[in-house]
Amino acid sequence: MNLHPLAILLQTGLLLALAPFVSGVIKNWKAKLQNRRGPPIWQPYLDLIKFLGKDVVISEHASWVFSIAPYVVFLTALSAGLMVPILTVQAPLSLFGGALALIGLLALGRFFLALGGLDPASAFGGMGSSREMTISAIAEPALMLAIFTVAITAGTTDLSRVAAALHEANWQLLNPAHLMAFAALFIVLLAETGRVPIDNPATHLELTMIHEAMLLEYSGRLLAFMEWGASIKQLVLMSILVNLFLPGTLAADGTVAAFGLAFLIFVLKLLGLSAAVVVVETVNAKLRLFRVPDLLSAAFVLAALGLLSTFLFQ
Amino acid sequence: MPPGFPLMSAIFINVGLILFLVGTVSSLVLQRRGNLAVAFAFGCSGLAALCGLTAFITFLVAGFSRPIPAYELFPSLVPNVHFSVRIDALGAFFGMIVSLLGVALSVYSFGYAKAFVGRKNVGILGAFFNTLLLATTLVFLADNAFFFLIAWEIMALSAYCLVSFEHEHDETRSAGVLYFIMSHIGTGCLILGFLLLFQASQSYGFETFHALGDRMPPAKRDAAFLLFLFGFGVKAGIVPLHTWLPAAHPVAPSNVSALMSGVIIKTGIYGLTRVSFDFLGAPPNWWGVTVLTIGTISAVLGVLYALMEHDLKRLLAYHSIENIGIILMGLGAALMFLHTHHPVLAALALSAGLYHTINHAVFKALLFLGAGAVLHATHTRNMEEMGGLAKRMPKTALFFLIGAVAISALPPLNGFVSEWLTYQSLLQGFGTTPSLIRLMFPLSGAMLALTGALAAACFVKAFGITFLAQARSQHARDAHEAPFSMLLGQGILTAVCLLLGLFPVQFLTLLDPVTKQLTGEVLSSKLTAGSAWVLSGTAPQGGTVSTLGITLIALCLSSIPVALWWLFARRSRKRIDATWACGQPILQPQMEYTATGFSKPIRMIFKALFRPHREVQREYDYSPYFTTTIRFSAHVEEVFETRIYRPFRRWVWWISRRMRALQAGSIQAYLIYIFLTLLLLLFFAL
Amino acid sequence: MNTPITASPELGSQLITLCAAVMLVLQFLLVVQRMLLTNIRLFALQSLMLSAIATIVAAFYHASHVYVVAGLTLVGKVFFLPWLLNRLVRRINITQEIEPLLNAPTSMLACGGLTLLGYIVARPFTTLQKLGNNTLAIAITLLLTGFFLMINRRKAISQVLALLTVENGVMLAAVALTTYGMPLVVELGIFFDVMVAVMVLGILVYRIRESFASMDTSKLTQLRG
C-alpha cells in the first residue's frame, strides 16, 4: 500500500467531474417522473461556472468562519472521496484512512457548515444548523452499526480491503447481513444528502429547509464551493453504497480499456442508485421533523438486525 | 540506561515538590501584596510543574517499565506510616499530565489572577493552587495506602477551598459543600477497599498489593473492586455519582475549573486503572462488562445534559462526564480482553483509554481557559448574553474553535485519534468471544458514534452562540481581548492538541512502558503500518489512519480552489452588506437563534429522559391582545437529582428523626445505654 | 420420498436464509406500520416468502407433498386471506390503527430484544445438519414478535393479522426443520384450522364494530357485569 500521485489526480478529477452530473441527473429524472421537462443534466456545471464568476456578498455580522466554511466543506468532501474505491479496488488514499476517517471528515465538513449557518446572525441559518446537527446525530449510530457489520464480515475498516473481500466472495450478494446493512445505509444516505423524506432539496419555504437554510447567505464563489462540496459528499456516499455492495470494480492493474469498462459499470451503478433515490423521493412526502427520528431508528434497528445476522445464520 | 538516571529523576521530582511548597508558603506570606503574591505563587507552580514534566517525560521516553525504587520523602514521626514515593510507568504518565497542565495553567493564571487583585485575597488562591498541584502529584507517586489517602485528602480539601473561593455567592457555597460531601463519601469507600487489601496482604505498600487478587477469596476481591469503583467513580464523575461535577466546576475560578476537569477527575481514572490492572489482576468478565456499561451510559447521558445547558462552564462540566465515559469504555474493553486472554487487544484498548485521558485533559483545559477569558471579558457565564465575540476576541475564538474541533472527535486533531483507537479495539473485540456478550462491542461503538455526533452538535452551539453572529447584550459588545499571559496559556495547550493529533505514533511510544507494566505487551511497534506517520490498529490487514497525511493532502488539494479563483473569479469583488431580515430595517440581536432554541429538537426527541417543562406568563393592561410583559421559563428535569438523590435524602432525614428519640436528654437514659453496652460486650467475650 | 439432496445445498441454504431474513424484516415493518391496508399487503408478502421457502425445500428434497403445502400457502395466505381481510377493512371503513401502546422506536427496540431471545433459545438446536436449520431462530422470533404485536395493537383486525404472523412462524419451523416436512395430514389440519379461525374472527370483528361503533378492543371491558 503506497501512494500513487497519478491515482490521486485521476480520482480527484473524477470526483470533481462526476459530482454535479449526479445532482443534475437526479433533478432531471425527478422532474420527468413528475411529468415536467426539468432542467438539463448539464445545468449544475453551468451553475458552478456562473457562481464562480459572481461577486461575493458577505454579511456585516459574519466573521472569518463564514468565509472559510465553504472551503472546509469542499476539501473534506474531496479528501473523503479519495478514500473510497471508485474505479479500482485500491483507493488512492486508503493508507491514510478508511471508513472511520471518512465519517470523521464528513463530520468536520458538517461542523463548519453549521457554523457558517449561524454566523450571519439570521434566524433561518440558525434553524438549519440546529436541525442538521440533530438529524446527523440521530443518523450516526445507524451509520456506525452498518459500517461495523460490513467491517466485521471483512475484518477491517479499510474500504479497499472490504471491496476486495466482496470481489472474491460472490455469495455476499445474497447475505442477509449485507442486504440489511445496505438498506440501513440507503436510509442514512437520504438523511445525509438531505433528500425527501427527511429534507426537501427543492423547497423555497425557509421553515421547511434544513440544508438549504444554511446556504441562504452564501453567494458567488463561496456558494459554488458549498454546492460542489455537497454534491461531492453525495457522490462519495453513493459510491460507498454501490462499490461496497455490488461487484464491478477492477483489481489494481489493468489496461486502459479495462479502466474504461470499469468507468462505464460505475456510472451505470450510480445511475441505478440515482433512479432508486428519485423513485423514493417522488413516492414519499417529506416527514415532519419530529417523525424523522422514527425513520432513523428504523435504520438503526435494521443495521442491528444485520449485525445479528452475521452470527444468527451460522 | 545511565546509572545516575534514577537519582536525576528523583532530584527533579524533589525539586518540583519543594517548589510547590515554596509557592504555597510565599503566597500566604505575601497575601497583602497582591501582584507579588501572584508572581511568586504561579511562578513557583510553573517552575515546579516544568521540573515534574521533565522528570516524567524522560522516564517514559527511556522506556522504564520497571518502577524506580521507592524512597522516603521525609522521615515521619508516626510509626508505620512512611511518606515514601516511587515512580512507575502508570504514575509517571499521569504525573506527566498534571505537570503539563500545571505549566499551561500557571502561565494563564498570571493574567487571570490579576483580575482578582484588590477584590479578593489572591494569596489564598495561589497558595491552594500550589497545594492542589502538590497533592495531586503526590497521589500519582504515593507508594503506600496511607500516603495515598493523605495526599487524596489534601487534594480534596484544597479543591474544596478553591471551589469556594468566590463564596459570596450562594450557589458557590452550596456547590462547595456538595463537592465536599461527595468527595468524602468516595474516600470512605476507598478506605474500606484498602482495608480489604490490607487484610489479604498484611501490609500497606503498593508493591505488596501487586497481583493481590489471585490470593484473595473471590467474594472479598469482588467487594474490593466494587468499593474502589464507587470511591474512584465519585471522583471521576461517573453517572449516577456525578451530581457534584456540574455544580462545582462552573463556580470555581476558571484556572481551577480547568485543573479540576483536566486532572482531578483523572485521579479517579488513575485509581481505577491501578486497582483493576495492577492490584487485582485476572479480572472476571463482569468487571469489564460493568465498566463498559457505566462508560457508555455516562458518555450518552453526559452529552445529552450538556446540550441542554446555556451556562458555558456547566456545559463544559457535563462534557467532562461524557469524556470520562469514553475513557471508561476503553478501560472496560481492556478488562474484558484481559479476561479472554487477548493481551494485545487489551493493550490496544488500554492505550485508547489512556490516550483519551491526556487528550481530554488538554482540550478540556483549553476550553475552560477560553471560557475563563470570555468570562473575564463579558462578566457573565450565560451564553444567551454573548455573541459576536469572534470579532472582539479573535485569538481566544481561534483557540476555542480548535478545542471545540478536538473535543468533537473530528480529524485531524487528537480527539479523533483516541476515538479511532477506541473504535478499532471495539471492532476487533467482536471476534474475541463466541458468547453473546460480544454484542456489547458494536452496540457500544454505535453509542460512541452517537455521543461524538451529539458532542459536535453541542459545540456548534457553544462556539456559534458565544462567538459568532451579533452581540446579544451590552456586556458582549464591550468585550475585549484577553491579556497576553492568558493567550499564551491557551496557546500552549492548542499546540499540544495539534501535536497529539498529528503525531500519534510518536506519542504512543510514551505509552509503551505503561502497557508493558499493566498488560505485558508493548504496542508501538505493532501500531505503525510500515511508516512512522501512519497509525494502524494492530489487526493484520486492519484499517489505518494518518492525520498528518490527511492534513497534507487537504493542503495540496486547496490548490484547486486557488486555481479556480484565478481562472474564473479574479475579477469579482467582495461586498459587505446587511443580512436579510425579512424586510425589517435592521437586524436585531433578538432575531438571532438562541442556545435554548438550538437544542430544542434534541430536547423534543429525548423528552422521555428530559421531561421538559415550560411556563409562559402574560400580563396585559386592558386587553389580552396588547401584552405588556411576558415571562417565559423552561427547565429540564434532573433525573438523578429527583429520582435518586432526593428520595435518598428524605429517607436519611426520616431515619435520623427516628434516631433522635434515642437522645432523650436524661442522664438515666445515657447511663442505661452505657450499662447495656457493657453487658453486651461481657456476653460477647464469654 | 427419501431421495438424497442432489442440487447444491449451498445455494438452497442461501436462498432459504434470504427469504427467512426478508420475513423477519417484514415482521418489523408490520410492527411500526399503522396503515391497515399496507399491513395486509406486508402479511401477504411474508406468506409469499414462506411459500417460496416451502418450494425450495420441496425441490431439494424431492418431497412432493411439500409442494402441496407451498401451493396451499400461496392460494390461502397470499391471495384468499388478504382478500378477505381487505374486504372487511373496506366495509368497516377504518383504515388506520390508533396510537399503539409503545411508540415506534421503543417497539422496534423491544422486537430487537425478542430477536436476540429467539436466537438464544434456538442455539442448542442449530447443530443439526439440515437445510434451513438456521431459520429456527427466525421462526421463534416471528412467534414472539407476533405476540408482541397482538399486545401492542388495539384494533381487532391488527390482532388477527398478528395471530396470522404467529402462524407463519410456526409453519416456517415446521416446513424448514422437520424431517422432509411434516406429514401432510397435520399440515392440512393446521391450515384449515387457521382459515376457519380467521373467518369466524372476521364475523366477530364486524359484530364488535356494530355494537361499539369502533374496533377498539379495549372497549370490550364495557361488557363487565
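Predicted, not measured: the structure shown is a model, and the values here were computed from it.

1. Side note on the overall build of chain C
Tallying secondary structure elements over chain C gives seven helices and zero strands in all. The 225 residues of chain C split such that 40% are buried. Contacts in chain C between residues at least 24 apart in sequence constitute 74% of all its contacts with a sequence separation of at least 6.

2. Brief notes about the overall build of chain B
What chain B contains, in helices and strands, is 27 helices and seven strands. For a compact globule of 686 residues, the expected C-alpha radius of gyration is about 26 Å, and chain B comes in at 27 Å, within 12% of that figure. Summarising its shape, the C-alpha atoms of chain B cover approximately 95 × 75 × 60 Å along the three principal directions. Taking all 686 residues of chain B together, the buried fraction comes to 55%. Counted over contacts in chain B with a minimum sequence separation of 6, partners at least 24 positions apart contribute 77%.

3. Quick notes on the confidence of the model for chain C
All names here are of chain C. For chain C, the average pLDDT comes to 80, and 84% of its residues sit at 70 or higher. Taken together, the stretch residues 1-6 has pLDDT below 50 and engages in five contacts with residues farther than four places along the chain or on a different chain. Model confidence for the complex: the whole-complex pTM is 0.90, and ipTM, which rates the interface, is 0.94.

4. A few points about the domain arrangement of chain B
If you check the domain split of chain B, you get domain 1 (283-539) and domain 2 (643-685). Placing a centre on the C-alpha atoms of domain 1 of chain B and another on those of domain 2 of chain B gives a separation of 48 Å.

5. Here we look at the environment of Leu222(A)
Residue and element names in this part refer to chain A. Position of Leu 222 relative to the elements: it lies in helix H9 (residues 220-245). Note on Leu 222: 24 C-beta atoms within 10 Å, which makes it buried. Counting along the chain gives 152 residues from Leu 222 to Pro 70, while the straight-line C-alpha distance between them is 5.7 Å.

6. What to know about the confidence of the model for chain B
A residue-level look at chain B finds 97% of positions with pLDDT of 70 or above and a mean pLDDT of 88. At the low end of the mean pLDDT range in chain B sits strand E1 (residues 68-72) of chain B, at 72; at the high end sits helix H15 (residues 394-407) of chain B, at 95.

7. A few points about the interface of chain A and chain B
Taken residue by residue, the interface counts 71 residues in chain A and 66 residues in chain B. At the level of elements, helix H2 (43-53), strand E1 (56-59), helix H3 (64-81), helix H4 (99-118), helix H5 (123-154), H9 and helix H11 (292-312) of chain A are the ones that each hand at least two residues to the side of chain A that touches chain B. Tallying contributions element by element places H5(A) first for the side of chain A that touches chain B, with 19 residues. Residue classes in the side of chain A that touches chain B are distributed as 42 nonpolar, 19 polar and ten charged. Pairing of E1(A) with strand E5 (residues 574-577) of chain B, which is carried by four bridges, proceeds in the parallel orientation. Among the inter-strand pairings, Ser59(A) is bridged to a residue of E5(B), identified as Asp577(B).

8. A look at the nonpolar core
Ranked by size, the top nonpolar core spans 422 residues in total, and within it Ala303(A) and Ile53(C) carry the most contacts. Broken down by element, the residue count for this core peaks at 23 residues, all from helix H13 (residues 343-378) of chain B. Residues contacting Ile53(C), with those up to four places away along its chain left out, are Ile16(C), Cys19(C), Ala20(C), Leu172(C), Val175(C) and Ala176(C).

Parameters at a glance
- Residues numbered from 1 in each chain as written.
- Chains lettered and ligands numbered in written order.
- Predicted model: local features only at pLDDT ≥ 70, side-chain atom pairs only at ≥ 80, totals over all residues.
- Helix = DSSP H or I, 4+ residues; strand = E, 2+ residues; numbered from the N terminus.
- Buried ≥ 20, exposed ≤ 12 C-beta atoms within 10 Å, placed from the backbone.
- Contact = placed C-beta atoms within 7 Å.
- Rg over C-alpha atoms; globule rule 2.2 N^0.38 Å.
- pLDDT = per-residue confidence, 0-100.
- Domains from an automatic or database assignment.
- Nonpolar A, V, L, I, M, F, W, Y, C, P; charged D, E, K, R; others polar.
- Pairing = 2+ DSSP bridges.
- Core = buried A, V, L, I, M, F, W, Y, C linked by C-beta atoms within 7 Å.

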